[in-house]
Amino acid sequence: MLFDPAPKETRKELFDRMVLGVRRIGKNSLLKVFAGESGFPYVFIDARKLSEYGYSKMSLYKILSEEFSKRKRGLEKIADYLKKIRGVGIFETHLEFDWREKELSVSSIFEKLEEYAEDNDTSFLIIVDEAQEMRYLRGHGKIDFRKIIALQL
Ligand SMILES: Nc1ncnc2c1ncn2[C@@H]1O[C@H](COP(=O)(O)OP(=O)(O)OP(=O)(O)O)[C@@H](O)[C@H]1O
Ligand SMILES: [Mg+2]
């Protein structure tokens, strides 16, 4: 029940949390341990890479491609869902999002992950490290990540 106001007691009920804290307090460690222990499939997006790749749609897709390509375990099943989107290329060793494809959007990717999770009675975790970097993706022709996340709720 999504809007139950009571404090949540099981991990399955938790969603869309931000982990905030002073530098080096252990935010990443906590998230990685949680993601690993939870057994849920997940991707870990390091938004700091945007400063290297550029704050563009192309860069975000490059980060996503790299991250999905890392997840060998269980990727095949997830790839079956993602490949329904035009612009998603599945190769033997990696998965590629083609940023030039107009049909491809971050929300279309999230939708397929959600479909996968529902069909398999699980949750797909999208962990964004240094999420404050995402705000620079906003602007004309760019991506407003907050709106995309809001769309999924
Ligand atoms: N609870 C903990 N147990 C063991 N080691 C920890 C713990 N919390 C932090 N550390 C250690 O402190 C360092 C910083 O942790 P981590 O990278 O998880 O923090 P962070 O809050 O994400 O840091 P940053 O603000 O730089 O992003 C790590 O190298 C880790 O080894
Ligand atoms: Mg950190």
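Above this text is the structure in question.
What comes next concerns the included structure. (Residues numbered from 1 in each chain as written. Chains lettered and ligands numbered in written order. Predicted model: local features only at pLDDT ≥ 70, side-chain atom pairs only at ≥ 80, totals over all residues.)

## Concerning the overall build of the chain
- When helices and strands are tallied, the chain shows six helices and four strands.
- Moving toward the C terminus, one meets the helices and strands of the chain in the order α-β-α-α-α-β-β-α-β-α.
- Across the chain, every contact between residues at least 6 apart in sequence was considered, and the portion connecting residues at least 24 apart equals 59%. (Helix = DSSP H or I, 4+ residues; strand = E, 2+ residues; numbered from the N terminus. Contact = placed C-beta atoms within 7 Å.)

## So, helix H1 (residues 27-38)
- Given a rise of 1.5 Å per residue, twelve residues ought to cover 16 Å, and the 16 Å separating the end C-alpha atoms of H1 matches this to within 8%.
- Among the residues trailing H1, Gly39 stands out with phi positive, at a value near 80°. (Expected span 1.5 Å × (residues − 1).)

## Considering the environment of Tyr53
- Looking at the secondary structure, you find Tyr53 in helix H2 (residues 49-53).
- Classification of Tyr53 as partly exposed rests on a count of 14 C-beta atoms within 10 Å.
- The spatial distance from the C-alpha of Tyr53 to the C-alpha of Ile63 is 8.7 Å, given a sequence separation of ten residues.
- Residues contacting Tyr53, with those up to four places away along its chain left out, are Ser59, Lys62 and Ile63. (Buried ≥ 20, exposed ≤ 12 C-beta atoms within 10 Å, placed from the backbone.)

## A look at the site of ligand 1
- Around ligand 1, the surrounding shell consists of Gly21, Arg23, Arg24, Ile25, Gly26, Lys27, Asn28 and Ser29.
- Residues of the shell around ligand 1, tallied by class, amount to one nonpolar, four polar and three charged. (Near = placed C-beta within 6 Å. Nonpolar A, V, L, I, M, F, W, Y, C, P; charged D, E, K, R; others polar.)

## Thoughts on the environment of Gly89
- Residue position: Gly89 is located in strand S2 (residues 88-90).
- Residue contacts for Gly89: discarding those within four places in its chain leaves Glu96 and Asp98.

## Here we look at helix H5 (residues 106-119)
- Taking 1.5 Å per residue as the helical rise, H5 with its 14 residues ought to reach 20 Å, and the 20 Å between its terminal C-alpha atoms agrees with that figure.
- Positive phi shows up at Asp121, right after H5, with a value of about 50°.

## A word on the environment of Glu114
- Along the polypeptide, Glu114 turns up in helix H5.
- When the C-alpha positions of Glu114 and Phe124 are compared, they lie 6.9 Å apart, and in sequence the two are ten residues distant.

## Some details on unusual backbone geometry
- Phi angles above zero are rare outside glycine, and Arg24 is one such case at about 65°.
- Take Arg24: it is sitting in the segment before H1.
- One non-glycine residue, Glu130, lies in positive phi territory at about 55°.
- Structurally, the position occupied by Glu130 is in the loop between strand S4 (125-129) and helix H6 (145-151).

## Description of the packing of helix H4 (residues 75-82) against H5
- Here H4 crosses H5 at 125°, and the two axes come no closer than 9 Å. Taken together, the axis directions place H4 and H5 in an arrangement best described as oblique. Crossing of H4 against H5: the hand is right-handed. Here Ile78, Tyr81 and Leu82 of H4 lie close against H5, whose contacting residues are Ile109, Lys112, Glu115 and Tyr116. (Axes fitted to C-alpha atoms, helices over the stretch in contact; angles between N-to-C directions. Parallel < 35°, antiparallel > 145°, perpendicular 65-115°, else oblique. Left-handed = near helix turned anticlockwise from the far one by under 90°.)

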